[in-house]
Amino acid sequence: MIQLSTLSNICYYSIVFSIISIMCFSYKEETVIVAYMSFALSSLLMISYIAINGQKVKLYNFHYMLIGWMLWSVVSAIWSLDSELSLMMSWTLTQLCLYAFIFFEFMRQRDMDNIKFLEAIAIGTLAMGAYSLYHYGFGEFTQGVLGGVRLGGDINQENTYGSFAMLGLISSTGLILKNRNLINIVAFIFSGIMVVASGSRMALLTTIISILLLFWLCFGRKYFFKFLLCILVVTLSMVALVQFAEDSQLLLRLEQFINIFSASNSADNSTIERIFMIKYGLEQFIYSPVWGYGINCFRVLYQQETGWATYSHNNFVELLVGVGLVGFFIYYMFYYIILRNMDRSTIENKTLWVVIVSTFIEGVFSPNYYMKLQYIIFAIGYLTINYKQKSERI
């Protein structure tokens, strides 16, 4: 008979492998089965642990929030512009909510600390870096860093690739502040390389903001400005380095993004299109502000307007249009409750808090309400609140 402690460790490693699979194998058709299987295996192992452990399963506010969000997404299919499209997204969200429910209960019963979760994220991005190096080869991987080629499109969508690397960079930074071991340092280096190689402005800008916020929380004003100076020196050094490349895609994209706020006419089409999507989405939201048009239905409206069926590239607009103010309020209550109530007395808790903030900022650039990692992060955030309340009662 397998011991409960052994099963607990197996469950944790299955979670780590599930995170690796999300980062490396969830995009391409030929590898997505690996992500599905790891997701299912991890769920079954955690359910087995919960059943064998025998503790009573408790319902917390987190579970009621999950149920409310899940039900509202399903119900929105009733008035949806495309009920089939909304039901498909609702099914995806139902799976993510169920996994978050199971993950929350397993972590609660095991009393696992946030360091283990941050390590899982760091290991995931380290694996993504190793897989990238294997897939692209050293030459192309280096070229992606220096400019000319955006990497990640063969593993994940480039911006998603950059987003995962961003989470790894924040997590590994916090772990290095807590414990300077070799794995954390290597994960930090790989994550930084992949953020740059992805060519994602969202990932780069969010990473800089998040790391500065983390250092402010950890060291306060005294060391913050010294670190800010170091960031500027490193950034300028990187800019000087990539100038040697013939085509620096990241610098070009950043320059075109900045030109949006100037009188220059050299802004890129991607940024102009995204701004138009936001304006169009808010205009449509006014006509159905409470209920929305059905989850995942921005693309239906946008296709009617432009002939192009795509998402809004903004999580706030995507939800306002899809599920209205009701759904928007339910979803962003996750953020409000966690960020307002979460304990920030330790480095690992401060790091997790910044990770959650980074996903909020990321929503400005791209929808992330249907990302698997998003709900795992919500679950661990709520768990931290529960631990805080439990310790206060003691």
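Attention in this report is confined to the structure presented alongside it.

Calculation criteria
- Residues numbered from 1 in each chain as written.
- Predicted model: local features only at pLDDT ≥ 70, side-chain atom pairs only at ≥ 80, totals over all residues.
- Heavy atoms only, no water.
- Axes fitted to C-alpha atoms, helices over the stretch in contact; angles between N-to-C directions.
- Helix = DSSP H or I, 4+ residues; strand = E, 2+ residues; numbered from the N terminus.
- Parallel < 35°, antiparallel > 145°, perpendicular 65-115°, else oblique.
- Left-handed = near helix turned anticlockwise from the far one by under 90°.
- Contact = heavy atoms within 4.5 Å.
- Nonpolar A, V, L, I, M, F, W, Y, C, P; charged D, E, K, R; others polar.
- Salt bridge = Lys/Arg side-chain N within 4 Å of Asp/Glu carboxyl O.
- Buried < 20%, exposed > 50% of the residue type's maximum accessible area, 1.4 Å probe, protein only.
- Patch = residues over 30% accessible without salt bridge, like charges linked within 9 Å, V, L, I, M, F, W, Y side chains within 5 Å.
- Areas by Shrake-Rupley, 256 points an atom, 1.4 Å probe, with all protein chains shown as cover.

**As for the packing of helix H6 (residues 158-178) against helix H13 (residues 347-362)**
- At a closest axis distance of 9 Å, the pairing of H6 and H13 adopts a crossing angle of 165°. Judged by the inter-axis angle, H6 sits roughly antiparallel to H13. As H6 runs across H13, the sense of the crossing is right-handed. Taken together, the residues of H13 that come into contact with H6 (itself represented by Ser163, Met166, Leu167, Ile170, Ser171, Gly174, Leu177 and Lys178) are Ile347, Glu348, Thr351, Val354, Val355, Ser358, Thr359 and Glu362.
- Among the residues making up the contact of H6 with H13, the classes are represented as 7 nonpolar, 6 polar and 3 charged.

**Brief notes about the pattern of salt bridges**
- All chains considered together, the criterion is met by 3 salt bridges.
- Glutamate 30 is paired through a salt bridge with lysine 28; the nearest N and O atoms lie 3.3 Å apart.
- The class for glutamate 30 is exposed, based on a relative accessible area of 56%.
- When its relative accessible area of 26% is taken as the criterion, lysine 28 is described as partly exposed.
- Between glutamate 348 and lysine 178 there is a salt bridge, with its nearest N and O atoms 3.2 Å apart. A residue pair is termed long-range when its members are at least 10 positions apart, and glutamate 348 in helix H13 and lysine 178 in helix H6 qualify at 170 residues.
- The exposure class assigned to glutamate 348 is buried, which follows from its relative accessible area of 13%.
- The class for lysine 178 is partly exposed, based on a relative accessible area of 43%.

**Some thoughts on the environment of leucine 41**
- Along the chain, leucine 41 falls in helix H2 (residues 32-53).
- For the pair leucine 41 and phenylalanine 17, spaced 24 residues apart in sequence, the C-alpha separation works out to 9.9 Å.

**Remarks on a nonpolar patch on the surface**
- On the surface, a nonpolar cluster with roughly 490 Å² of combined accessible area is contributed by Phe17, Ile33, Val34, Tyr36 and Met37.
- With 4 residues, the top contributor of residues to the nonpolar patch is H2.
- Its relative accessible area of 31% is what places valine 34 among the partly exposed residues.

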